[in-house]
Amino acid sequence: MANKELLDVIIIGGGPAGLSAALVLGRARKRVVVIDEGKPRNAVTQEAHGFLTRDGIRPSELRRLAMEDISRYPSVSFVRHAVTGITGADGHFQASTSEGEVLAAKKLLFAVGMKDRPLDIPGLAEVYGKSAFVCPYCDGWELRDEPLVIINSGPELMHFAPIISGWSNRLTFCTHGPDGLTDEQREELGRHQIPLHTSPIRAIDSRDGIVQQVLLEDGTVIPCRGIFFKPDLVPGSDLPQQLGCEISDTGVVAVDMLGMVGATNVPGIYSAGDIASRMHQAIAAASMGSLTAASINSQLNLEAWQSQGTSQ
Ligand SMILES: Cc1cc2nc3c(=O)[nH]c(=O)nc-3n(C[C@H](O)[C@H](O)[C@H](O)COP(=O)(O)OP(=O)(O)OC[C@H]3O[C@@H](n4cnc5c(N)ncnc54)[C@H](O)[C@@H]3O)c2cc1C
């Protein structure tokens, strides 16, 4: 692709959100480039669940099938690098890549996902994505009725408790430090006969990625077959924030969800998927990518329509 061609849309991120947007925009005859460094957050998993018609698919296979679909639309191309900088404004943005390439487009779509901060519990990295997960909608079925350790604390723990109890009632909660709970909340857990441990976790023992037991600093040993924990997440890229996109109090890019779905507060910049939503699921990301692509397409068509109207 020639470096100076003005495209319609640069999509940054080629996960379910970015690829779904690319498909819709390709079908709408827009000239699009997807720039993706290829480091999705779910790279640790073997199977993605809950994606209608693709339940249990390998994430890499889902990506391959998506690329196959998109390859039918010649106005979409791909660049396998990181975007390191953005300049310009609505109508003419320039994105520079880690390889020094510069691409220009009228609109930007950030579909950069979220990233985990390094896990601070010894042994957790070995089981993450195999028997330790973050979302029961994604992986709860596989661990149904198993003895589970839940690593969480404070109000989020109380929010999570009734949700996870739908998959298993063999639960032990570990807060890995101060629990952040009120007496009433502790009593509520007690009424449900859920053990609560505040001692820090010393280590997680596992065999071939399957957790066997959780060991606490106070000497407690908790046998279990699965873990759900609250990850420490950061945006997949700081670029939206650097460009002035508002970040919500839940740490994601704030976007319109009612009118121009996916539009940020910065003209010409859109965002979709995990980076712009609290619901972290592949099909939700794909759906948001699709809706956002429709917003971008409507806006581009409207702008073209208006400029044609004034030039006659
Ligand atoms: C352990 C685990 C298990 C999961 N299991 C399931 C499951 O079973 N079912 C399910 O539905 N969901 C599951 N999820 C959630 C699912 O993976 C996400 O909801 C989904 O991948 C979000 O899609 P996305 O397109 O928003 O972001 P991602 O898939 O994370 O894609 C973002 C892409 O943007 C790229 N990127 C970031 N910054 C830049 C940049 N500056 N330049 C270029 N590229 C960039 C990244 O490298 C990445 O490739 C799981 C997540 C985890 C962590």
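See the structure above.
Chemist: For this particular structure, what's the right way to read the site of the ligand?
Modeler: In the neighbourhood of the ligand, 36 residues make up the surrounding shell, with Asp36, Lys39, His49, Val83 and Ala282 lying closest. In the environment of the ligand, an oxygen atom lies 2.9 Å from a nitrogen or oxygen atom belonging to the side chain of Asp274. Separating an oxygen atom of the ligand from a backbone N or O atom of Gln281 is a distance of 3.1 Å. Contact with the protein chains removes 97% of the 1000 Å² of surface that the ligand exposes when unbound.

Chemist: Is there a simple way to explain unusual backbone geometry in this structure?
Modeler: Note: most residues except glycine have negative phi, and most peptide bonds are trans. At Asp145, a residue that is not glycine, the phi angle is positive and equals roughly 65 degrees. With respect to the element layout, Asp145 can be found in the loop between helix 4 (136-139) and strand 9 (148-151). The residue Gln193 is not glycine, and still its phi comes out positive at about 55 degrees.

Chemist: Is there a simple way to explain the side chain of Asp179 in this structure?
Modeler: If you trace the backbone, Asp179 turns up in the loop between strand 10 (171-174) and helix 6 (183-191). Note on Asp179: relative accessible area 9%, which makes it buried. Once residues within four sequence positions are removed from consideration, Asp179 is found in contact with Ser153, Gly154, Arg186, Leu196 and Thr198.

Chemist: Sorry, what's going on with the pairing of strand 13 (residues 210-216) here?
Modeler: The side chains of a regular strand alternate, residue by residue, between the two faces of the sheet. Of all seven residues in strand 13, five are buried, a share of seventy percent or more. Both strand 12 (residues 201-207) and strand 13 contribute to a ladder of six bridges, which runs antiparallel. Within strand 13, the residue paired with Ile201 across the bridge is Leu216. Pairing analysis gives three bridges linking strand 13 to strand 14 (residues 221-223), with the strands arranged antiparallel. When the sheet's bridge partners are listed, Val214 is paired in strand 14 with Ile222. Hairpin geometry of strand 13 and strand 14 is characterised by an intervening segment of four residues between the two adjacent antiparallel strands and by a positive phi of about 95 degrees at Gly219.

Chemist: Would you explain helix 5 (residues 154-164) in this entry?
Modeler: At 3.6 residues per turn, the α-helix brings residues three or four places apart onto the same side. Regarding helix 5, the residues found buried are Gly154, Leu157, Met158, Phe160, Ala161 and Ile164. Lining the buried residues of helix 5 we find helix 4, strand 9, strand 10, helix 6, strand 11 (196-197) and strand 15 (226-229).

Chemist: What am I meant to see in the environment of Asp218 here?
Modeler: Within the secondary structure, Asp218 is located in the loop between strand 13 and strand 14. Given the relative accessible area of 51%, Asp218 is considered exposed. Along the sequence, Asp218 and Pro200 sit 18 residues apart, while their C-alpha atoms lie 7.9 Å from each other.

Chemist: Before we go on, may I ask you to explain the sheet that holds strand 15 in this structure?
Modeler: Each strand in a sheet pairs with its neighbour through backbone hydrogen bonds, running either in the same direction (parallel) or in the opposite one (antiparallel). Sheet architecture is open: five strands sit in the order 8-15-9-10-11, paired in parallel fashion. If you trace the sheet from one side to the other, it starts and ends with strand 8 (132-133) and strand 11, each paired once. Where strand 10 and strand 11 come together, two bridges link them in parallel fashion. Following the sheet pairing, Cys174 is matched in strand 11 by His197. Running at roughly 165 degrees to strand 10, helix 5 makes contact with strand 9, strand 10, strand 11 and strand 15 of the sheet.

Chemist: Before we go on, may I ask you to explain the pattern of salt bridges in this structure?
Modeler: Side-chain pairs of opposite charge can arise where the charged atoms are in close proximity. One pass over the full model with this rule turns up 14 salt bridges. A salt bridge links Asp69 to Arg72, with the nearest nitrogen and oxygen atoms 3.4 Å apart. For Asp69, a relative accessible area of 32% translates into the label partly exposed. Under the relative-accessibility criterion, Arg72 is labelled exposed at 55%. Overlapping salt bridges, with partners in common, bring together Glu5, Asp8, Arg31 and Lys106 in one network.

Chemist: Would you mind showing me how to read the nonpolar core here?
Modeler: In a soluble, globular protein the nonpolar side chains are often hidden away together inside. If you look at the biggest cluster of nonpolar residues, it comprises 45 residues, and the most contacted ones within it are Val9, Ile10, Ile11, Ile86, Leu109 and Phe110. Not counting residues up to four positions away in its chain, the partners in contact with Ile86 are Ile12, Phe93, Gln94, Ala95, Leu108, Phe110, Leu239 and Leu243. Core analysis: the next-biggest nonpolar cluster, separate from the first, contains 17 residues, Ile204, Val211, Val214 and Ile227 among them.

Quick notes on the rules
Residues numbered from 1 in each chain as written. Predicted model: local features only at pLDDT ≥ 70, side-chain atom pairs only at ≥ 80, totals over all residues. Heavy atoms only, no water. Near = heavy atom within 4 Å. Polar contact = N/O pair within 3.5 Å; in protein donor to acceptor, adjacent residues only side chain to side chain. Areas by Shrake-Rupley, 256 points an atom, 1.4 Å probe, with all protein chains shown as cover. Helix = DSSP H or I, 4+ residues; strand = E, 2+ residues; numbered from the N terminus. Buried < 20%, exposed > 50% of the residue type's maximum accessible area, 1.4 Å probe, protein only. Contact = heavy atoms within 4.5 Å. Pairing = 2+ DSSP bridges. Axes fitted to C-alpha atoms, helices over the stretch in contact; angles between N-to-C directions. Salt bridge = Lys/Arg side-chain N within 4 Å of Asp/Glu carboxyl O. Core = buried A, V, L, I, M, F, W, Y, C linked by side-chain atoms within 4.5 Å.

Everything listed here is a matter of geometry and, on its own, says nothing about what the molecule does.
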